[in-house]
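For reference, the chains in residue letters:
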There are 2 protein chains.
Amino acid sequence: MAKLNTAPLSGMRDFLPQDVLRRNYVIQVIERVYQSYGFEPLETPAMERLSTLLGKYGEEGDKLIFRVLKRGEKLEQALRDHPTEDSISDAGLRYDLTVPLARIVAQYRNELPRVFKRYQIQPVYRADRPAKGRYREFYQCDVDIVGSRSQTVEAEVLAAGAQVLQELGFGPAHPFSIRLNHRGILRGLMEVAGVPPDLEDAALVAIDKLDKIGLDGVREELAQRGIAREAVAALLQTMANVPDTVEETLRWLEQILADSEAGRQGVAELSNVVAYAQHGPAADHLRVDPYLARGLSYYTGTIFEVEFAGFSSSGGGGGRYDNLIGMFSGQEIPACGFSLGLERIILLMEEQNMFPAHISGQPQVLVTQFDESTVGDSLALAQRLRAAGLRVDLYPDTDRYGKQFKYADDRHIRFALLLSPRELAEGVVAVKDLVTGDQVDVAEADLPAYLQEQLALVAA
Amino acid sequence: MAKLNTAPLSGMRDFLPQDVLRRNYVIQVIERVYQSYGFEPLETPAMERLSTLLGKYGEEGDKLIFRVLKRGEKLEQALRDHPTEDSISDAGLRYDLTVPLARIVAQYRNELPRVFKRYQIQPVYRADRPAKGRYREFYQCDVDIVGSRSQTVEAEVLAAGAQVLQELGFGPAHPFSIRLNHRGILRGLMEVAGVPPDLEDAALVAIDKLDKIGLDGVREELAQRGIAREAVAALLQTMANVPDTVEETLRWLEQILADSEAGRQGVAELSNVVAYAQHGPAADHLRVDPYLARGLSYYTGTIFEVEFAGFSSSGGGGGRYDNLIGMFSGQEIPACGFSLGLERIILLMEEQNMFPAHISGQPQVLVTQFDESTVGDSLALAQRLRAAGLRVDLYPDTDRYGKQFKYADDRHIRFALLLSPRELAEGVVAVKDLVTGDQVDVAEADLPAYLQEQLALVAA
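Residues numbered from 1 in each chain as written. Chains lettered and ligands numbered in written order. Predicted model: local features only at pLDDT ≥ 70, side-chain atom pairs only at ≥ 80, totals over all residues. Heavy atoms only, no water.

Take the pattern of salt bridges next. All chains considered together, the criterion is met by 76 salt bridges over all chains. In this structure, the salt-bridge partner of E48 of chain B is R103 of chain B, at a minimum N-O distance of 2.7 Å. Residue E48 of chain B is located in strand β2 (residues 47–49), and its partner R103 of chain B is located in helix α6 (residues 98–108); the two are separated by 55 residues in the primary sequence. Residue E48 of chain B is classed as buried on the basis of its relative accessible area, which comes to 3%. The network of salt bridges with common partners includes E40, K117 and E156 of chain A together with R386, D393 and R411 of chain B. (Salt bridge = Lys/Arg side-chain N within 4 Å of Asp/Glu carboxyl O. Helix = DSSP H or I, 4+ residues; strand = E, 2+ residues; numbered from the N terminus. Buried < 20%, exposed > 50% of the residue type's maximum accessible area, 1.4 Å probe, protein only.)

Our focus in this paragraph is the domain arrangement of chain A. Split into domains, chain A comes out as domain 1 (17–351) and domain 2 (365–459). Using C-alpha coordinates to define each centre, domain 1 of chain A is positioned 51 Å away from domain 2 of chain A. (Domains from an automatic or database assignment.)

All names here are of chain A. As for its placement among the helices and strands, I185 is situated in helix α8 (residues 183–193). In the structure, I185 is positioned 171 residues away from D14 in sequence and 44 Å away in space, judged by C-alpha atoms. Setting aside anything within four residues of it in sequence, one finds I185 in contact with L253, L257, A262, G263, G266, V267, L270 and P290. (Contact = heavy atoms within 4.5 Å.)

In this section: the interface of chain B and chain A. With 110 residues of chain B in contact, the opposing surface of chain A contributes 110 residues. Counting the surface lost from both chain B and chain A, the interface buries some 9,200 Å², and carbon and sulfur atoms represent 58% of this. At the surface where chain B touches chain A, the tally comes to twelve salt bridges. In this structure, D393 of chain A and K117 of chain B form a salt bridge, with 2.5 Å as the shortest nitrogen-oxygen distance. Inspection of the region where chain B meets chain A yields 49 residue pairs in polar contact (both at pLDDT 80 or more). Counting residues per element, the side of chain B that touches chain A draws most heavily on helix α1 (residues 17–36) of chain B, at eight residues. (Buried area = accessible area lost by both parts, 1.4 Å probe. Polar contact = N/O pair within 3.5 Å; in protein donor to acceptor, adjacent residues only side chain to side chain.)

Let us look at the sheet that holds strand β13 (residues 392–394) of chain B. Residue and element names in this part refer to chain B. Pairing is mixed across the open sheet formed by five strands, whose spatial order is β13-β12-β14-β15-β16. What marks the edges here is a single partner per strand, and that holds for β13 and β16 (439–443). Going from strand to strand, the sheet's axes swing by 30° on average, the running direction of each strand aside. Relative to strand β15 (residues 428–433), strand β14 (residues 415–418) is paired through four bridges, and the arrangement is antiparallel. The partner of L417 across the bridge, within β15, is V431. (Pairing = 2+ DSSP bridges. Axes fitted to C-alpha atoms, helices over the stretch in contact; angles between N-to-C directions.)

Residue and element names in this part refer to chain A. Annotation from UniProt places "binding site: L-histidine" (unreviewed entry) at D96, L97, T98, R126, Q140, D144, R294, Y298 and Y299. On the secondary structure map, Q140 appears in strand β6 (residues 137–146). Exposure remark for Q140: the relative accessible area of 13% places this residue in the buried category. Beyond its immediate sequence surroundings of up to four residues, Q140 is in contact with D96, L97, Q120, I121, Q122, V124, R126, S339 and L340. (UniProt positions renumbered as here; feature names shortened; annotations may be inferred.)

Residues and elements named next belong to chain A. With ten of its ten residues buried, β6 lies for the most part within the structure. The alternating pattern of β6 places E137, Y139, C141, V143 and I145 and F138, Q140, D142, D144 and V146 on opposite faces, both of which are buried. The sheet contact formed by β6 and strand β11 (residues 335–341) spans seven bridges and is antiparallel. Its bridge partner lying in β11, C141 is registered against L340.

Here we come to the relation of the copies chain B and chain A. Least-squares fitting of chain B to chain A yields an RMSD of 0.0 Å, with the transformation described by 0.0 Å of translation along the axis and a rotation of 180°. Interpreted geometrically, this transformation is the action of a two-fold axis. When C-alpha distances to the rotation axis are compared across chain B, the minimum falls at V68 of chain B, with a value of 2.3 Å. Here 100% of the interface residues in chain B have copies in chain A that are interface residues too; the copies meet face to matching face. (Least-squares fit on C-alpha atoms with pLDDT ≥ 70 in both.)

Residues and elements named next belong to chain A. Between helix α12 (residues 246–256) and helix α13 (residues 261–277), the shortest axis-to-axis distance is 10 Å and the interhelical angle comes to 165°. Here α12 is positioned roughly antiparallel relative to α13, judged by the angle of their axes. Relative to α13, α12 is oriented so that their crossing is left-handed. Counting all contacts with α12, which are made through V246, E247, L250, L253 and E254, the residues of α13 involved are V267, L270, S271 and V274. (Parallel < 35°, antiparallel > 145°, perpendicular 65-115°, else oblique. Left-handed = near helix turned anticlockwise from the far one by under 90°.)

Right under this line is the structure:
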């Protein structure tokens, strides 16, 4: 028999039980918090029309879309006629959760409430070069509020994101911060520095690299992109003078952007966001960073990004995008959202030992088997304990006890239940603690309560 | 702005919040029950190598696999050289959860316990013709036990499946049954009727259609497939004489298959399955159907299928497949599994009104907004109620109350909380019941308890 290649595809992962239980633990916290903020779940198909996907993520993004082949007669004809990427495929895999949301709002506008608050936790697919923490199938955890221009929307979205992180254990011991900025502020900074409107985007791309290439690198790149020497100097001088605190930075921006309408509006809106967010769990984590740009071109107002101490890449982010949904619906509908990167959160929690020692879901006890004569009794015992609320594994074969105990150990099951003719005759079950080696007889009727107690003790 | 086609692709579905909450309700029951039987979760990527997928599902199945296009230089070269389905794609979408399981066992054999009990709940993809209840993206909910030949494995898998159905409300009021058979019994029936071994598969395909085309149809099809007249007559005569009860059928099969070794072994194993299953929730739902064949060719022993009263298509099924995993691992590893069809279960539950009236997850109260001066107070109130464990939506704008109440109504939120300068001055919050129209002032400190009480009353 030829052995097949059984590794997952490059950039894809198999999740064994322990991995899934940890992922589900994080997802459950996220869902619970999102629901407590009034968000409701949405799910969309893994496959979308290419016309929905293309042109939304920039030229680079288009190249990273996994395309699905046409089938049957359609494919044969395309292969005969003039086979190109576009003629042989008409669908692609979901690339993010924001474009599907925009499609949903356009498609079901009349069925949705005036303000649509949804969360969505699903895998997305990108044919990116795999690297540490970067996969070709990965989960996004999005919350978005569609239909209001109020800055309470930003505040709620930030609060929900911050509370998820806090409930997962981030906070004083594992610090995080949320950097805030506003597209109007970026526009204003360009205006007052004298960057012409048609070079704004190019300048932003350079500025976005500040963390990676430093002030000198940014200076060089701005010059390369055709920004005049005086404008570069003005930009860099302002960048070097950003004050420390949120309040100071907002007041400083108000002053230097006094002559830019976009800038003034940006500062006013961002001040509202900061004021509103004071009432929630994001309050102590906010930082205003007037040079935070974020790549995606669809943001129109506030933008934000989560940063973890000592971790370079972003743990999530989002912002206001008042024009994207109009691309699908033909009418302007404001929206604002936040996306948490599940994979990075899990990576951090593993590196910093932040998972609880006991994650629910694994079997708690193993019912062993003695011989053919006791199979029915073992099956019945397992059923009774399950009915009492326990998670019970039954060893399927009548192997010697040593083998059965080793199996329990492999599965991290601490308590093995023995039921031979001796125990059956005496109306007891022998409970063996596989860590201490202790074994005690427990009356059948007392067994569920006894096991719950022992399990609580070892979990404590 | 050109309006894009925003409908989901043919055979794919969008799930709006109410749909997702119902689906999650069912999935949570399935997970809880599966875990109580000692199964642990597994997840595999949506994309697999074509070499993993092809040749496992029969010729028809191969055609239904969604193929993913190669990218970049690899694709360009294939398009230049000789573009065929096989040269331009090297990956496909997951078609079921059994083949990925077989791949996993081969890949991670040394990390897995001797007996591997896993459940897996993920979407699968088939380019099938869409029809009512048949989609191109749909969920399977599988449990499998890998590594034991014991018939307690069948019993446990049947018990877990039956208990899921019972906890979802199937049972006396919404009956279901599990039809059982064994590949050895089918082989024996062919043997004693005189069907030559090389025509067995063809005969099984014809017999599998009994439900759809009746005895006469089966007779005709058997003849067409080259089965001799006497063999057809013998087969049909036995088929017409199947007794009623499980016990009678097993004894009857023992007699008529006395001369077939495969048949005798099949009856013996199936008798064990029935005896072991008596100890669990499947007990009252079993039927032995000696002509149940199930399409998939990889089954080697017991096979089963779930049937709902008044519903023609199967609600799930499974069986023992002792050779499939060997296709990947190169060594024979026995296995047995059961798959529930989530979509059909949900369809049935909707048709028969089996969902609970209140499914958790929606917001419970709406905090309204009065004007700019009270925004901060409304935000703070929402946060306090969330901290008290309530699911709280905050209306984002300072619209007139009528508009805010209508929004609450659209979202099925019954209680609106009013916080104008009057309430703030008096230290109360006005709670408006949007169904009765009643409005009462509640002291801030008493609010969480008051709301929990009201919510419990309306849920009762």
